[in-house]
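These are the residues of each chain, in order.
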Amino acid sequence: MKLVGPLSSFGRGDLAMAGGKGANLGELVRNGFPVPGGFVVTTHAYDLVAQGHATRAYFEQVEMPDELRHAIVEAYAALGAGPVAVRSSATAEDLPGAAFAGQQDTYLNVVGEEALLDAVRRCWGSLFTDRAVAYRAKLSIDDSEVSIAVVVQRMVEADTAGVMFTANPVSGDRAQLVIDASSGLGEAVVSGLVTPDHYVVDAEGGVEFTPGRREVVIRGAAGGGVTRETGTFEAERLPDAVVRELAALGRRVATHFGRPQDIEWACADDRVRLLQARPMTALPPPPVGKLNPLQRRLATVFLEYMPTRPYPIDVSTWLPYGPAGLMGKVTGAFGLRRAFGDFLREEDGVVYAFIPPKPQPTAGVLAAPFRVVAKARRYDPARWTEDRRFLDYCAAVRRLAARDLAAMSWQELIRVPRQAFALVAPVAGLRIDYLPGTGLALLRLLVAVKLLRRGRLFGGLLSGAVTRTTEANRALERLAELARRTGALDADPPPAEFRAAFEEFMAEYGHRETVSPILVTPPTWADDPETVLGLVRVLAAEPPPRKEGDDALERLLAHPLLRSPRRRARIRRWVAAARAGTAFREDSHFYFTMPQPILRRSLIELGRRLRDAGVLDHPEDVFHLRLEELEAVGDVTALPAAERDRLRDVARARAVKREELGGVRLIDHTAVFPSLATGDALVAGSPASGGIATGPVKVIKEPAEFGKLEAGDVLVCPYTNPSWTPLFQQAAAVVVDSGGAASHAAIVAREYGIPAVMGTGTGTSVLEDGRLVTVNGDTGTVTEGA
């Protein structure tokens, strides 16, 4: 059992013994990088002393066994018994996404045997500081599962020191390397005590320099410890040769470890030393560059439908087989490949980037116009629900939904997800057949109103379509009226009449998504009835007075060129056909997401059984696994211990990685929604529903916040889907970060006659609750309200 060993005796395979910092430094030493000499007091030494104790006070006063004390003193003597840096190296530092930066202690310029032994004990005790315990709790890492080693290195009395990132931590650009530097020891930079000199080095070696202020300089003190000098210090820009050497070393280290690195370094007498290297965490995805118009259009759709980071189970189930995969088949049928595929990038099994697809035309595009016309003549969107394929699909969904998942064996249950996929597969054929009629009907009406110089009526003409979304909203209105009449929202339990009506509503509409139609992990209305009750509460309030606009169809028919009965009849037919197409688009979405809650329930049931088998802490942790990993589990009741532990480690590591990326967007929104704000506009986007309205801002970021909206508020939200649209009956206007004029929110906003601005990119971050603003849906701007 190794208690102490030189850095060179450790590598990446020794994380459990040397901790993350020790293993990485040993790897660098082995591969010839300039690292100060040192040794590691291993986790075996910690375990020998700990004896099951888990308090900081215990370690600060505990005596070391003679064997361990002698080994540390001997290793210290081999270093020359001079000043050393003593750094904690926890085993949990190897988890993807768990940087543990600053969570355990570091002691600099330690001099003498007794001071060294005391520093080692304090490093052990730092495993149990309040901040370290809270950090592990946040990442769901149990205290019993973590150990700690201690790294001891020769002290570098640096002239200049700091931190180097081998990718730009702000933009995510992997071609840029960022160096922060200041005088003295690097602790001043790491601790944020100074504004450091800032160097950005590009791939060609070009350097962009921003001088710092050197508010504090930390240096080693005679006899041990450090001193802090404050005042005004002359800037000392790094020599070009040192910048080049740092950049070269940084890129070599990143290449060796296979990912961008966060590196601490020191420079003394123009000699560079690397003090620490760990993977960069919370790194944004690389910039996507300039998007072409089609990519930007597709990106707006995806960002509206994918407002949260997909889980591994999403990527391996509903994303490829649900609506997104479905649309890939539809576009492929008309000669366009890769329009809805290969748009996510993963790292450590977790999605970290969204790359807008680049559709590729094939030879089939040439024949597409003829196919579109032929299908438009044969398949009428007004009669699609009479299609035998649709009727068979609905019957199959009802049969699968009626099955008792809890009563199934593991072997039966694990087959349910692919049975749900099989239900959806024929749906692509319905969309391929009926969308051409929808598209041509919309195009025909658009051309007509443009020729008549009445283009602004187009949205209003479509809003007259009766869809399952409008029917759901009207049903919610009836529930709200019933709640007002019976006092159901204030009663516990609610009256039987309301409970019966609520259950009837959920039976019809409970499969609606709360967050996304292309992800399976967010709950549906049935999974989260509080979301529906929140909508009922909003609608139960007295709606704000709103001026009713003229009927768009009557305004169009008043055109001088449409006085002829024949022309008026033709326009009415064209409007009816366009509305039927709009209804097909909305209603096919409504019906084709019906297998989604069945799939979700089957996955949760799989997760429940894995929890009972000791693999997962909670049933929902199954979202961190992929479907093929679940299918590889032969019998959960007889799972070998090694396989149980492996799956548990995989799920936990991905959970930690996901937590790390919590504040990182999948794509820079400015690439998709370039800033359009001009003049006095606070934010700007695409005009989506005309009109002007003034009211206080209410930012609603998720369905759980639906109940916050009050009559007359300007609804500001990151995304919308049909589940959000009942709020529009109370809102004075709608401002959305994502989406466009053809999105669900825009269509329903036009129906309710309220202004809407889509695709602002920054609305939820710029506008704050209570701020009085004016929304102009004609110009797509939001300004200060009068």
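Keep in mind the model is a prediction, meaning the values are calculated, not measured.

Novice: Could you give an account of the overall build of the chain, with specific residues and numbers?
Specialist: Each helix and strand in the chain was counted, giving 29 helices and 25 strands. Over its C-alpha atoms, taken along the principal directions, the chain stretches across nearly 105 × 65 × 60 Å. Across the 786 residues that make up the chain, the buried fraction comes to 54%. Taking all contacts inside the chain whose residues are at least 6 apart in sequence as the whole, residues at least 24 apart take part in 68%.

Novice: Describe the pattern of salt bridges, and please don't skip the residues or the numbers.
Specialist: Scanning the model with the defined rule gives 48 salt bridges in all. For D105, the salt bridge identified is with R56, shortest N-O distance 2.8 Å. Of this pair, D105 sits in the loop between strand 3 (84–90) and strand 4 (106–110) while R56 is found in helix 3 (residues 56–61), placing the two residues 49 residues apart along the sequence. Judged by relative accessible area, D105 falls into the buried class, the value being 11%. In this structure, R383 engages E386 in a salt bridge whose closest nitrogen and oxygen atoms are separated by 3.1 Å. Through salt bridges with shared partners, a single ionic network connects R56, E60, D105, D118, R121, R122 and R131.

Novice: Before we move on, can you summarise the sheet that holds strand 24 (residues 772–776) with the specific residues and values?
Specialist: Strand order in the open sheet formed by eight strands is 18-25-24-20-21-22-23-19, and the pairing between neighbours is mixed. The open sheet has two free edges, formed respectively by strand 18 (681–684) and strand 19 (686–689), since each of these has just one partner strand. Between one strand axis and the next, the sheet turns through 30 degrees on average, direction left out of account. As paired strands, strand 20 (residues 692–699) and strand 24 are joined by five bridges and run antiparallel to one another. Looking at the pairing, I692 lines up with N776 of strand 24.

Novice: Account for the nonpolar core, with residues named and values stated.
Specialist: Of all hydrophobic cores here, the largest spans 93 residues; its most connected members are L476, F505, L610, L630, L715, L727 and F728. Judged by nonpolar contacts, the second largest core, of 36 residues, contains A75, V86, V110 and C123.

Novice: Describe unusual backbone geometry, with residues and values.
Specialist: Backbone torsion omega between D492 and P493 reads 5 degrees, so that peptide bond is classified as cis. Considering the arrangement of structural elements, one finds P493 in the loop between helix 19 (468–486) and helix 20 (496–509). Even without a glycine there, the phi angle at D342 is positive, about 55 degrees. Inspection of the secondary structure puts D342 in the loop between strand 14 (336–337) and strand 15 (344–347). Located in the positive-phi region is R453, a residue other than glycine, with phi close to 60 degrees. Take R453: it is sitting in the loop between helix 17 (427–451) and helix 18 (458–462). Its relative accessible area of 73% is what places R453 among the exposed residues.

Novice: So what about the environment of T210? Which residues, and what values?
Specialist: Relative to the helices and strands, T210 resides in strand 9 (residues 207–210). In this structure, the C-alpha to C-alpha distance between T210 and R237, residues 27 residues apart in sequence, is 9.8 Å.

Novice: Summarise the environment of R600; cite the residues concerned and give the values.
Specialist: By the element assignment, R600 lies in helix 24 (residues 595–612). In the structure, R600 is positioned 77 residues away from P523 in sequence and 8.2 Å away in space, judged by C-alpha atoms. Contact partners of R600, with chain neighbours within four places excluded, come to V520, T521, P522, P523, D527 and F623.

Novice: Talk me through the pairing of strand 11 (residues 226–230); I want residue IDs and the actual numbers.
Specialist: In this sheet, strand 11 lies alongside strand 10 (residues 216–220) in antiparallel orientation, the contact comprising five bridges. Within strand 11, the position partnered with I218 by the bridge is R228.

Novice: Quick one: what's the story with the packing of helix 14 (residues 388–401) against helix 16 (residues 416–424), residue by residue and with numbers?
Specialist: Contact geometry for helix 14 and helix 16: axes closest at 10 Å, N-to-C directions at 165 degrees. Judged by the angle between their axes, helix 14 and helix 16 are roughly antiparallel. As for the relative orientation of helix 14 and helix 16, their crossing is left-handed in sense. Of the residues in helix 16, those in contact with Y393, A396, V397 and L400 of helix 14 are Q419, A420 and L423. Its residues placed into classes, the contact of helix 14 with helix 16 shows six nonpolar, one polar and no charged.

Novice: Just give me the short version of the side chain of E513, but keep the residues and values in it.
Specialist: Secondary-structure assignment places E513 in the loop between helix 20 and helix 21 (529–540). Beyond its immediate stretch of four places on either side in the chain, E513 contacts P523, T524, W525, H589, T593, Q596, N721, P722 and S723.

Novice: How would you sum up a positive patch on the surface? Please name residues and give values.
Specialist: A contiguous patch of positive charge on the surface is contributed by R444, R566, R567, R570 and R573. With four residues, the top contributor of residues to the positive patch is helix 23 (residues 565–592). By secondary structure assignment, the location of R444 is in helix 17.

Novice: Go over the sheet that holds strand 1 (residues 4–6), please, and point to the residues and values.
Specialist: Across the sheet, five strands lie side by side as 1-2-5-3-4; this open sheet has antiparallel pairing. Unpaired on one side and paired on the other, strand 1 and strand 4 mark the two borders of the sheet. For this sheet, the mean inter-axis angle between neighbouring strands, taken without regard to orientation, is 20 degrees. Contacts from helix 1 (residues 15–30) reach strand 2 (38–41), strand 3 and strand 5 (148–154) within the one sheet, and its direction differs from that of strand 3 by about 125 degrees.

Novice: Describe the packing of helix 12 (residues 323–333) against helix 17, naming the residues involved and giving the relevant values.
Specialist: Packing of helix 12 against helix 17 brings their axes to within 9 Å, and their N-to-C directions diverge by 45 degrees. By the angle between their axes, helix 12 is oblique relative to helix 17. Crossing angle aside, the handedness with which helix 12 passes helix 17 is right-handed. In this structure, helix 12 contributes L326, M327, K329, V330 and A333 to the contact, and helix 17 contributes V427, A428, R431, I432 and L435. Taken together, the residues of the contact of helix 12 with helix 17 break down into eight nonpolar, no polar and two charged.

The rules behind these values
- Residues numbered from 1 in each chain as written.
- Predicted model: local features only at pLDDT ≥ 70, side-chain atom pairs only at ≥ 80, totals over all residues.
- Heavy atoms only, no water.
- Helix = DSSP H or I, 4+ residues; strand = E, 2+ residues; numbered from the N terminus.
- Buried < 20%, exposed > 50% of the residue type's maximum accessible area, 1.4 Å probe, protein only.
- Contact = heavy atoms within 4.5 Å.
- Salt bridge = Lys/Arg side-chain N within 4 Å of Asp/Glu carboxyl O.
- Pairing = 2+ DSSP bridges.
- Axes fitted to C-alpha atoms, helices over the stretch in contact; angles between N-to-C directions.
- Core = buried A, V, L, I, M, F, W, Y, C linked by side-chain atoms within 4.5 Å.
- Parallel < 35°, antiparallel > 145°, perpendicular 65-115°, else oblique.
- Left-handed = near helix turned anticlockwise from the far one by under 90°.
- Nonpolar A, V, L, I, M, F, W, Y, C, P; charged D, E, K, R; others polar.
- Patch = residues over 30% accessible without salt bridge, like charges linked within 9 Å, V, L, I, M, F, W, Y side chains within 5 Å.
- Areas by Shrake-Rupley, 256 points an atom, 1.4 Å probe, with all protein chains shown as cover.
- Lys, Arg positive; Asp, Glu negative; His and termini not counted.
- Charge placed at Lys NZ, Arg CZ, Asp CG, Glu CD.

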